[in-house]
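Each chain, written out:
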Amino acid sequence: MSEVYLDDRFKGVMLGLAIGDAFGYPIELMDYEAICERFEKKGCLDLAVSKRTGTALFTDDTQLSLFTADGLLWAHSAGADDGQVNYEDYIFLAYQVWLYTQTKTVAGKEYAWLFDPAQNAYKLRLLKAKGLYKKRTADTKNIDALLKIRNMAYGTPERRLNDNKDNGAVKRSAPIGLYFYNDTKKAFDMGCRAAAITHGNPVAYIAGGCYAAMIAEIVSGAEVEDAVNTVIKLLDNVADGEVLKKTLQYALDLVHNEEVDPMDAVKKMGYGFEAYEALAIAVYCAVLHYDSPRHAIQLAANHGGASDTCASMTGALLGAYFGIQGFPKKWVEKLQYKNLISALADKLLKVVYSSEDSSEEEEDEE
């Protein structure tokens with residue numbers, strides 16, 4: 001593979017997750033036979049375009065990922081890189097803004113300042129994208145959890161608010177892997193913390209950490225399967241990490257079992273509704289078809305489960321590896337808000353570079 005530059009990888013992750021999401025959206029919850037009846041004999045093989053907008057529409061998977069990215073940018077502007085504030089605070093606040101786009105409300109009056117420019121200096125650029133207000137497979141577990149969190153008392157791994165373990169915990173973590181791409185352990189820890197804001201089951205928030213850590217590893221130059229193995233090893237020292245460790249190893253074992261048909265292998269890992277299932281399916285598809293994002297996304301989507309989430313995560317993993325050039329050009333061009341998503345990826349890279357430059361200057365001064 002020719003050299004893939006960092007800016008291509010950042011865009012590849014953000015646009016890749018949106019492409020996979022949009023690919024799986026029209027066929028979510030449809031069994032394979034129904035998909036074949038509606039599309040082609042071998043299932044849905046191309047990105048569907050809305051007749052109304054002329055673009056491929058994505059779901060809350062991409063929405064939440066965009067708000068995660070904006071939360072990280074917000075934290076950076078508030079001084080998180082200097083240890084002045086917590087990243088989780090601003091990721092949570094960004095999720096409250098997402099909550100507003102879906103419900104026209106927030107958890108309490110104490111968050112009203114978010115929408116007042118006189119009190120909130122940060123520009124909430126995503127509020128201007130009216131398409132992000134659309135409810136497309138709206139994540140009720142995330143909505144219900146966010147509506148209950150008053151006075152910034154969000155969940156953490158140390159203070160769990162519930163036993164939520166669905167895929168809403170994991171599908172939004174890719175931008176964390178980008179922001180901390182040069183520190184896999186930090187990407188993992190922050191991925192866990194961001195997921196625990198709304199999901200208290202360790203299997204769910206640890207899956208969020210694993211996904212972010214894989215993105216960090218691949219963006220840093222690791223092969224896809226090597227990144228998974230690195231995360232499996234990392235889980236040796238993680239409390240409650242055994243389930244994820246076994247799940248990821250099972251996915252890799254299926255990749256190397258030539259006697260199992262790929263579609264049967266996906267079924268063996270579940271439907272992707274639980275966080276660990278979605279991660280396992282994405283890992284399986286990305287490793288099996290590490291050389292073809294198109295085929296990986298097709299496999300991740302064409303089953304009777306959470307097609308959007310599984311395909312979205314698969315797209316992000318291979319976008320981290322190939323960059324945006326790994327996807328068919330027509331898929332990129334068809335995507336709704338492709339320019340907004342690309343710009344957000346650029347902003348993430350810019351702040352990451354600025355943080356690295358500041359660290360180098362401090363080391364020189366010492």
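Quick note: structure is the one above.
Just so it is clear, the structure is predicted and the values come from calculations on it, not from any experiment. (Residues numbered from 1 in each chain as written. Predicted model: local features only at pLDDT ≥ 70, side-chain atom pairs only at ≥ 80, totals over all residues. Heavy atoms only, no water.)

> Go over the overall build of the protein chain with me, naming the residues and quoting the values.
Each helix and strand in the protein chain was counted, giving 16 helices and 0 strands. Its C-alpha atoms give the protein chain a radius of gyration of 19 Å, within 12% of the compact-globule value 21 Å for 366 residues. Structurally, the protein chain occupies a C-alpha span of about 55 × 50 × 40 Å along its principal axes. Sorting the 366 residues of the protein chain into buried and exposed places 60% on the buried side. Taking all contacts inside the protein chain whose residues are at least 6 apart in sequence as the whole, residues at least 24 apart take part in 75%. As displayed, the protein chain has an accessible area near 15,200 Å², and 47% of this comes from carbon and sulfur atoms. (Helix = DSSP H or I, 4+ residues; strand = E, 2+ residues; numbered from the N terminus. Rg over C-alpha atoms; globule rule 2.2 N^0.38 Å. Buried < 20%, exposed > 50% of the residue type's maximum accessible area, 1.4 Å probe, protein only. Contact = heavy atoms within 4.5 Å. Areas by Shrake-Rupley, 256 points an atom, 1.4 Å probe, with all protein chains shown as cover.)

> How would you explain the nonpolar core if you had to name every residue and give the values?
By size, the foremost hydrophobic cluster in this structure holds 137 residues, and its most contacted members are Phe10, Cys210, Ile215, Leu248, Leu279 and Tyr284. Among the elements that line this core, the one with the most residues is helix H8 (residues 202–219), at 14 residues. Those residues in contact with Tyr284, other than ones at most four positions away along the chain, are Ala251, Leu254, Val255, Pro262, Ala265, Val266, Met269 and Leu299. (Core = buried A, V, L, I, M, F, W, Y, C linked by side-chain atoms within 4.5 Å.)

> Any chance you could break down empty space enclosed by the protein for me, citing the residues and the numbers?
Picture a little ball the size of a water molecule; that probe, rolled over the atoms, points out where space is still empty. Under the defined criterion, the tally for this structure stands at 1 cavity of 30 Å³ or more. Considering only enclosed or pocket space, the largest cavity measures out at about 40 Å³ in volume. As for the largest cavity, its lining consists of Phe67, Asp70, Trp74, Ala94, Val97, Tyr122, Leu124, Leu126 and Leu127. Examining the composition of the lining of the largest cavity, we find that 3 residues originate from one element, helix H3 (residues 60–78), more than from any other. Across the lining of the largest cavity, the residue classes break down as 8 nonpolar, no polar and 1 charged. (1 Å grid on protein atoms, 1.4 Å probe; cavity = no way out; pocket = protein on both sides within 12 Å on 5 of 7 lines; lining within 4 Å. Points joined across faces, edges and corners; volume = space filled by probe spheres on them. Nonpolar A, V, L, I, M, F, W, Y, C, P; charged D, E, K, R; others polar.)

> An account of the pattern of salt bridges is needed here, citing residue identities and associated values.
Under the definition given, this model contains 11 salt bridges. Measuring nitrogen to oxygen at the nearest pair gives 3.5 Å for the salt bridge that ties Asp61 to Lys171. Separated by 110 residues along the polypeptide, Asp61 in helix H3 and Lys171 in the loop between helix H5 (140–147) and helix H6 (174–179) bring together distant segments of the chain. With its nearest N and O atoms 3.6 Å apart, the salt bridge here joins Asp240 to Arg160. Here Arg160 lies in the loop between H5 and H6 and Asp240 lies in the loop between helix H9 (224–234) and helix H10 (242–255), a separation of 80 residues in the sequence. Classification of Asp240 as partly exposed rests on a relative accessible area of 46%. Salt bridges sharing partners connect three or more residues here, namely Asp60, Asp61 and Lys171. (Salt bridge = Lys/Arg side-chain N within 4 Å of Asp/Glu carboxyl O.)

Read these as spatial facts, not as claims about activity.
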